[in-house]
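Structural overview
If you want the building blocks of each chain, they are given just below.
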Amino acid sequence: MPPADAEPGMSGGTTVAAPALPSQPPGERAMSVLWSFAKCLGALLPVYLAGYYGFSISVVLFALMIYMGWKHSRLEKVTRLKFSMYLQENERAFTAEKAFRTKRDLPPWVNFPDVEKVEWLNKILQQAWPFIGQYLEKLLLETIAPAIRASSIHLQTLSFTKVNIGDKALKVVGVKAHTEHDKRQVMLDLYLSYAGDVEINVEIKKYFCKAGVKGVQLHGKLCVILEPLIGDVPLVGAITMFFIRRPKLDINWTGLTNLLDIPGLNAISDTMIMDAIASHLVLPNRLTIPLVADLHVAQLRSPLPRGVVRIHLLEAEDLTAKDTVIKGLIDGKSDPYAVLRVGTQIFTSHHVDSNLNPQWREMYEVIVHEVPGQELEVEVFDKDPDQDDFLGRVKVDLDIVKKARVVDDWFNLRDVPSGSVHLRLEWLSLLSSADRLSEVIQKNQNLSTKTADPPSAAILAIYLDQAHALPMRKGNKDPSPMAQISIQDATKESKTCYGTNSPVWEDAFTFFIQDPSKQDIDIQVKDDDRALSLGSLSIPLTRLLATPELTMDQWFQLENSGSASRIYVKVVLRVLWLNDDATPTTPSPRPSAPGPGMGQGGITSELNPMGPGGLAKPQSTRPQQTTPDPEFATEGVLRINLVEAQNLIAKDNFMGGMVKGKSDPYVKIRVAGITFRSHTIKENLNPVWNELYEVILTQLPGQEIQFELFDKDIDQDDFLGRFKLNLREIISAQFFDTWYTLNDVKSGRVHLVLEWLPRVADLPRLEQILQYQSQQSYHNKVVPSSAVLFVYVERAHGLPLKKSGKEPKVGAEIILKGVSHKTKICERSTSPRWDEAFHFLVRDPRDETLTVKLSHCWGQALGSITLPLREVLFEPGLVLDRWLNLDGALPESQILLRATLKVLDTQLAVCRKAPGDAGSDGGVEEAIPRWVPSHLDLRHKSGFMADSPNSAGQVKLTVGYSIEESRLFITIHSCRALAACSKDGADPYVSFILLPDKKATTKRRTATKKRDLNPEFNERFDFDFSLEESTQRRLDLSVKNSVSFMSRERELIGKLQLDLDQIDLKTGVPQWYDLVAETN
């Protein structure tokens, strides 16, 4: 069938019943049966041969698949071609029987009085068609074929073996004349339809290649402009032709190109040809044929545009779910993105993952050459790895935007069950004066979008006419000049004029300009190899601002060229101005149900009272509470205490390393894109930092914390080692107090205390945490945070207008004790919606205040609120969620937000002794720690000696249970003060078993550390036990000395037995345990 948006007069219809076939003689029927048998035998022969020669059956299946695809595509094309031929042959009967039944199928000369039927022109074309065919045949054989053969050595044997354009002539199904735009021109819209039986065959004898075309269909609207009208023969100065929209093209290939008929490949060939046609005949490209001399062809080929449309692609609603599960039984989501087209100008938005209500907030600028006529087409697709799924389209006539200046509305998506898209379209007029340029630039600076390109303040048209007396090439040969025109990062090239030093290009170029006072035009004239420079020219745009009509039309002297070398250029600047009177209403809310549609194809012909999108604007009820994302307030806080380091490498050596020096160490900590750096400690291989760092993290899998040590030097800092920690292990254990060995160096270790802070809504616990923190002191002057504040800013209502009476573009700034975050800037509205979340670390909620400031593009204040966090402490669950009145605004101005406070429950915080406990003085409450942190234990120092005579040292363990992983884990961190087994110390390792275990399936051991009485292992062992089963186990651990079979050294250093039901497995805190020596 014809395409959905076929041109007038090309709608489909029904075919006339074919006459009954005559009966066949017996001889012909016998031959038909034999021929059918032969075809079946030919089809089975490849299968037999494949089995005989041992080929895989997949080869046969693949060949069969290709053949069936080709056959199916071939039949479809033949059917379409026959239908089009039938339509032309029976046009009168078809019109009488079918065309008048429905209004949408009426030809243009019936539907619209200004579209005329020109049967007289079609009769002329039909009569002249054979002679047109003779001319085209002569053109192909005598002009085009020699040019193709000369273009490549591979095509030297190319020849056209058959050229026949057929008997079906091109038809003009309607003509519309426009004479109201300009008195010196006549514009014609020709609705063309061609379904021809053309046959062209090509042969390349060198490669034994034959190919061709048999049948072409072309449907489209061709615009013909006759201008300028002159008072002399031939009355018209030139003829300009172009397609406003890409025509519909269908080509039936023959010969070797039948391979391109395979589904998935046939569109490639058609698209390539359509791109070639579009590069010459689809706006902004035009074909201009001058009829008289001394015409500015470049200006006719590329006149100044009618205007510029700024497109704001805001959001979409209720899109179709394409990523379904279990063959559509379970609805999924889509990953939508949008493709916007105006003529040959195409833009693609970013895709939003798994969202049926995406928000793009992107801006594009397009040049509009002809209105009415050009239209904006928006197509929405679902991003997929293979082929993207179609989610709907909408078309908007840009003439509507020109009349309304600003269109801000929802548009229903066509050809899909549901979906709508929110667009804001602004018509920018072209001003020939720079009086308002500074105002335009100031407005653009306040416009914020997600697109990388800032809004343009002006448009620049450059007409490159000709050059004169360019320098010659070596050997006094004529050059082949071309020109490169650059403005900032945009560069465009002219065509190449071969074998001349006075080229005539007659090319035109258009550029968008952000700030003319800061940009220059750079023109480079080069030879066709781009290596030899023939001259250059630089024109500051500030020079153009001082000229009348912002236009320069003159010869320019080329720099770095010959003394007589010059170039003729016309430069026109136009300021882009949005009319102040264009003040649209507030954008309509998201549609709850599809409203009445627009005209056919989604193009409105005039503004209707329901809005250009055809959607009603019901007043939505205000919600009383926020609706944040489920991931809101799920982040956690990691606290890193960098304590000290030992045995670092000395990098500051003297006399070529003969005299050992020290190092000036510092630490870099990287986590989640954030880098912390400690202060530098001078000349110390055992530095003590005692610094604290805090960072808010999202619990994503695979995150790591990287620690790197460096020696501070004057030139380049020296590397002292590194190590990495897995965040998931820290979250699972929640607390680590451990020495970590440095990697990639000979020696060195770092002492860290890491804590993943649980978040609770316990107000009494806050007092204990604040008391503990007041007793802490760190060298980097950091005060530990007692809570984390999550703020969700959803929307505002009833905001005041700007001083000019326009609706503001509102942004919100959230401030807490010097830390500031900003939302996006919403489009013009007094009821903006942001839906953005932020978080802050809070030192003391009793003394800190949250401030929210609303403003127009961070300028004019629109109101603010001041919220003491003490008020949140009195809210249920420490959550404040409601509308708040704005200060410095209207009485009805409010903002809807949620403030959630979570207390950071550190395990090192103090608890209160119960009244009546021994040792309490007269009922005075005494603060005691939950436990003594291991890094504060005096026995941790190297001079530690065991008090018990049977003590053989200590072992540091973490025994815990991971609820998420449903497994028991035991981490062997280190040992200290082990008993020596010989004069060289010992080679210790740790082995253990979980009793009862008759088959020793839980027996594990660590690696052996050579000659070390304070070894570090840091090895973790996991067991797939339930929590109940874990509490029934008993840990039997031994620290042993690795000895040979014949050695007399003692093997057992110490033992430890531990009932797991005596440990809080859910906490999983590292602890030191005494080892018991072996007794005789």
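This report concerns the structure included in the present document. Note that the structure is a prediction, hence the values are computed from the model and not measured.

Rules of the game
- Residues numbered from 1 in each chain as written.
- Predicted model: local features only at pLDDT ≥ 70, side-chain atom pairs only at ≥ 80, totals over all residues.
- Heavy atoms only, no water.
- Helix = DSSP H or I, 4+ residues; strand = E, 2+ residues; numbered from the N terminus.
- Buried < 20%, exposed > 50% of the residue type's maximum accessible area, 1.4 Å probe, protein only.
- Areas by Shrake-Rupley, 256 points an atom, 1.4 Å probe, with all protein chains shown as cover.
- Pairing = 2+ DSSP bridges.
- Axes fitted to C-alpha atoms, helices over the stretch in contact; angles between N-to-C directions.
- Salt bridge = Lys/Arg side-chain N within 4 Å of Asp/Glu carboxyl O.
- Phe/Tyr/Trp six-rings, centres within 6.5 Å; stacked < 30°, edge-to-face > 60°.
- Lys NZ or Arg CZ within 6 Å of the ring centre and 35° of its normal.
- Arc of directions from axis to C-beta.
- Expected span 1.5 Å × (residues − 1).

Points about the overall build of the chain
In terms of regular secondary structure, the chain is built from 14 helices and 55 strands. Each of the 1080 residues in the chain was classed as buried or not, and the buried ones make up 45%. Element-wise, carbon and sulfur atoms account for 54% of the exposed surface of the chain, whose accessible area totals about 55,900 Å².

Some points on the pairing of strand β17 (residues 406–412)
The buried fraction of β17 is high, at seven of seven residues. The alternating pattern of β17 places Val406, Asp408, Trp410 and Asn412 on one face and Val407, Asp409 and Phe411 on the opposite face, and all of these are buried.

Some remarks on the sheet that holds strand β43 (residues 860–868)
Reading across the sheet, the four strands line up as β40-β39-β42-β43 and stay open at both edges, with antiparallel pairing between neighbours. Of all the strands in the sheet, just β40 (819–822) and β43 have a single pairing partner and so form its edges. Neighbouring strand axes in the sheet, compared pairwise and without regard to direction, differ in orientation by 15° on average. For strand β42 (residues 849–856) and β43, the ladder comprises eight bridges, and the chain directions are antiparallel. From the neighbouring strand, Thr849 faces β43, where its bridge partner is Pro868.

Points about the pattern of salt bridges
Two side chains bearing opposite charge may form a pair once their charged atoms approach each other closely. Under the criterion given, the structure shown has 40 salt bridges. Taking the shortest distance from any N to any O, the salt bridge between Lys162 and Glu199 comes out at 3.1 Å. Taken together, the positions of Lys162 in strand β2 (residues 158–164) and Glu199 in strand β4 (residues 186–204) put the pair 37 residues apart, joining distant regions of the chain. Lys162 sits in the partly exposed class, given a relative accessible area of 35%.

Digging into the sheet that holds strand β30 (residues 665–671)
Pairing is antiparallel in the open sheet, where four strands are placed in the order β31-β30-β33-β34. Every other strand in the sheet has two partners, leaving β31 (674–677) and β34 (718–726) as the edge strands with one partner each. Going from strand to strand, the sheet's axes swing by 15° on average, the running direction of each strand aside. In this structure, β30 lies alongside strand β33 (residues 704–711), joined through six bridges in antiparallel fashion.

Topic: the packing of aromatic side chains
In total, this model carries 16 aromatic pairs according to the counting rule given. Between Trp555 and Tyr568, the ring centres sit 5.3 Å apart and the planes meet at 70°, which makes this aromatic pair edge-to-face. Residue Trp555 is located in strand β25 (residues 551–557), and its partner Tyr568 is located in strand β26 (residues 566–577); the two are separated by 13 residues in the primary sequence. For Trp555, a relative accessible area of 31% gives the class partly exposed. One aromatic cluster is present, built from ring pairs that chain together Phe992, Phe1021, Phe1023 and Phe1025. In this structure, Arg436 packs its charged tip against the face of Trp577, placed 4.3 Å from the ring centre.

Focus on unusual backbone geometry
In this chain, Glu227 is followed by Pro228 through a cis amide linkage whose omega measures -10°. With respect to the helices and strands, the residue Pro228 is situated in strand β5 (residues 209–229). Across the junction of Val233 and Pro234, the peptide omega takes the value 15°, indicating a cis bond. Positionally, Pro234 belongs in the loop between β5 and β6 (236–243). Of note, Leu550 is a non-glycine position whose phi angle comes to about 55°, a positive value. Tracing the backbone shows Leu550 in the loop between α10 (541–545) and β25. We classify Leu550 as buried; its relative accessible area is 2%. A positive phi is found at Ser966, a non-glycine position, where the angle reads about 55°. Looking at the secondary structure, you find Ser966 in the loop between β48 (951–962) and β49 (967–976).

Observations concerning helix α9 (residues 437–445)
Those residues of α9 that sit buried are Leu437, Val440, Ile441 and Asn444. In a view along the axis of α9, the buried residues occupy a sector of 100°, so they form one face of it.

Describing helix α2 (residues 57–89)
Between the first and last C-alpha of α2 there are 48 Å, a value that for 33 residues agrees with the 48 Å anticipated at 1.5 Å per step. Taken together, the buried positions of α2 are occupied by Val60, Gly69, Ser73, Lys77, Leu81, Phe83, Ser84, Met85, Leu87 and Gln88.

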